[in-house]
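In case you want the letters, here they are:
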Amino acid sequence: MAESTSSARHFQVLIVGGGSGGLIVAAQLLRARPGLDLAILEPAAVHEYQSGWIPAGAGLLALEQTHRPEVTVIPAGAVWIQGSAASFEPQASRMITAAGESLSYDVLVLAMGLQLNWSQIKGLPEALGSHGIISNYSRAHIANTWETIRSFQGGTAVFTHPATPIKCGGAPQKVMYLADDIFQATSGVGVNTRVIFCTALAHLYPVKAYNATVERVVARRGIETRPLHNLIEVRAEEQLAIFEVSSEGKPPHLETIHFDLLHVVPPMSAPDVISASPLAIKGPGGWVDVNRLTCQHKRFADVFALGDVSSLPTSKSLAAIRGQAPVLVANLLAQLDGVPLPAQYDGYTACPLITGFGRVVMAEFDYQLQPVSSFLVDPTKERWSMWLVETRVFPWVYWNRALKGRLLESRLIKPLAPLMRWLGLAYQKQ
Ligand SMILES: Cc1cc2nc3c(=O)[nH]c(=O)nc-3n(C[C@H](O)[C@H](O)[C@H](O)COP(=O)(O)OP(=O)(O)OC[C@H]3O[C@@H](n4cnc5c(N)ncnc54)[C@H](O)[C@@H]3O)c2cc1C
């Protein structure tokens, strides 16, 4: 049991961040080892299912369905400390909360998500929510995003993707495809609308096989794509978006685009409290410096990290946590027991790309940027079945299985694999 004083406490396992990664790890640890002395440090009173924010911003899901009180999702057996981390002293296996309490640990898990840096785009923080400037990356603005898309009267609709790693790399496009369908379905709007996707990256998608699919989607829709366009300023009154445009061998130049609707995805980084700590990598992002296979910190053996805050070189998503959590749990328990770490993460991640109403590309891949498929079917294709999985099955699985520490492996699909292979229908990794 936890030793408890007002200013200092010790736990066998201390998890900082009770979002998706922190809760899934806590639940899996307590299933594997009931009675573990485990605490979760989390400031928010409400837990967010962020994967529901894109459907909510397109009127497909009520916003209320995307969050629940934190107290209802803390796994039985875990102590919830409602507070936030203010500094870390990993050399002493201890951290200090914003309330000044010292928390020490046998093992620390960092699952603090990432920081949205709205103010890195000049003029954006004060303009968001006005003059057609919207974002699904802030829960406070999702209702306005839906209202703005729904009532759009035509003109130029610009969607952006920043230069930094972001959570759910496909989300900036998902909102665009759904919005485009809504424009097309609204009398007179589709024909009078020009949709432009401005991405700071060189390609639409980092995985070749999925990039080919989304290239076809934008071509079919007549969406203009502007690669290497990084949004740096918004002039709300004039409805102007200023981009820094990179071009090979030449210095970057500025380009101004007039918009009637602008969906912004801000630059992202690790929370300042991490990037300013000895736990961070040296270099951009300030992520927690972990081994890409074991999720263990490279310098502090009693520290592990997963999810958005980690330096794991894969796409930041809830689906990635599905691959990371069992590895971290097995390795953390080994660390507690003083035996070699048994598990390795293969970089599995996924980004279900909603390419329109009724269509999803279940984009799953690994460290080699090769498509993989949990559903046995070719993952590079747009499918209605995957739309059902994304919009109906995943939310249920999240609340009822993942947060309860049950592995997300489907008991229904796995037994079908031999039959599918025998019939030659199963997707084979290239
Ligand atoms: C619009 C959108 C759409 C998405 N769509 C998908 C999708 O379709 N599929 C998919 O797989 N993923 C999707 N994601 C990504 C997914 O939601 C995240 O990758 C996932 O939530 C990451 O989990 P995490 O635990 O790392 O961070 P989070 O779930 O963000 O949790 C971090 C927690 O840390 C807490 N915290 C922060 N600072 C401190 C501190 N100082 N001290 C203590 N606690 C702190 C926060 O309050 C929070 O509860 C989407 C995300 C967004 C925003």
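Residues numbered from 1 in each chain as written. Predicted model: local features only at pLDDT ≥ 70, side-chain atom pairs only at ≥ 80, totals over all residues.

Now for the site of the ligand. The environment of the ligand is formed by 38 residues, the closest being Gly 17, Gly 19, Gly 21, Gly 113 and Gly 307. Going through the elements one at a time, helix 1 (20-32), helix 2 (53-57), helix 9 (318-337) and strand 21 (349-356) are the ones with two or more residues in the shell around the ligand. The residue inventory of the shell around the ligand, partitioned by class, reads 21 nonpolar, 13 polar and 4 charged. (Near = placed C-beta within 6 Å. Helix = DSSP H or I, 4+ residues; strand = E, 2+ residues; numbered from the N terminus. Nonpolar A, V, L, I, M, F, W, Y, C, P; charged D, E, K, R; others polar.)

What follows deals with the pairing of strand 15 (residues 229-235). Extensive coverage of strand 15 is indicated by the burial of 5 of its 7 residues. Sheet topology note: the strand 15/strand 16 (residues 240-247) ladder contains 6 bridges and is antiparallel. If you follow Glu 233 over to strand 16, its bridge partner there is Ile 242. Hairpin remark: strand 15 followed by strand 16, antiparallel, with 4 residues in the connecting loop; positive phi at Gln 239, about 55°. (Buried ≥ 20, exposed ≤ 12 C-beta atoms within 10 Å, placed from the backbone. Pairing = 2+ DSSP bridges.)

Taking 1.5 Å of rise per residue, the 15 residues of helix 6 (residues 171-185) would be expected to cover 21 Å, and the 21 Å separating its terminal C-alpha atoms lies within 8% of that figure. Judged by how many residues are buried, helix 6 sits mostly within the fold: 11 of 15 residues are covered. Residues of helix 6 that are buried: Ala 171, Pro 172, Gln 173, Lys 174, Val 175, Met 176, Tyr 177, Leu 178, Ala 179, Asp 180 and Phe 183. (Expected span 1.5 Å × (residues − 1).)

As a further point, take the nonpolar core. Val 25, Val 109 and Leu 110 are the most contacted members of the largest nonpolar core, which totals 118 residues. No other element matches the 10 residues that helix 9 contributes to this core. Residues within four places of Val 25 in sequence aside, it is in contact with Ile 15, Val 109, Ala 111, Leu 306, Ala 325, Leu 328 and Val 329. (Core = buried A, V, L, I, M, F, W, Y, C linked by C-beta atoms within 7 Å. Contact = placed C-beta atoms within 7 Å.)

Below, the discussion takes up the sheet that holds strand 12 (residues 155-161). With parallel pairing, the 5 strands of this open sheet are ordered in space as 11-18-12-13-14. In this open sheet, the two edge strands, each paired with only one partner strand, are strand 11 (133-134) and strand 14 (224-226). Contacts from helix 6 reach strand 12, strand 13 (193-199) and strand 18 (261-263), with the element oriented near 160° to strand 12. (Axes fitted to C-alpha atoms, helices over the stretch in contact; angles between N-to-C directions.)

Taken domain by domain, the protein chain consists of domain 1 (3-115 + 269-337), domain 2 (118-267) and domain 3 (349-422). Placing a centre on the C-alpha atoms of domain 1 and another on those of domain 2 gives a separation of 31 Å. Residue-level contacts link 15 residues of domain 1 with 18 residues of domain 2. Ranked by the residues each element gives to the side of domain 1 that touches domain 2, the list is headed by helix 2, at 4 residues. Split by residue class, the side of domain 1 that touches domain 2 holds 6 nonpolar, 6 polar and 3 charged. (Domains from an automatic or database assignment.)

Here the focus is the sheet that holds strand 15. Strand order across the open sheet formed by 3 strands is 15-16-17, with antiparallel pairing between neighbours. Whereas interior strands pair on both sides, the edge strands pair on one side only; in this sheet they are strand 15 and strand 17 (250-258). Averaged over all pairs of adjacent strands, the angle between strand axes in this sheet comes to 25°, irrespective of strand direction. Where strand 16 meets strand 17, 7 bridges bridge the pair, whose relative direction is antiparallel. Bridged to Ala 241 within strand 17 is Ile 257.

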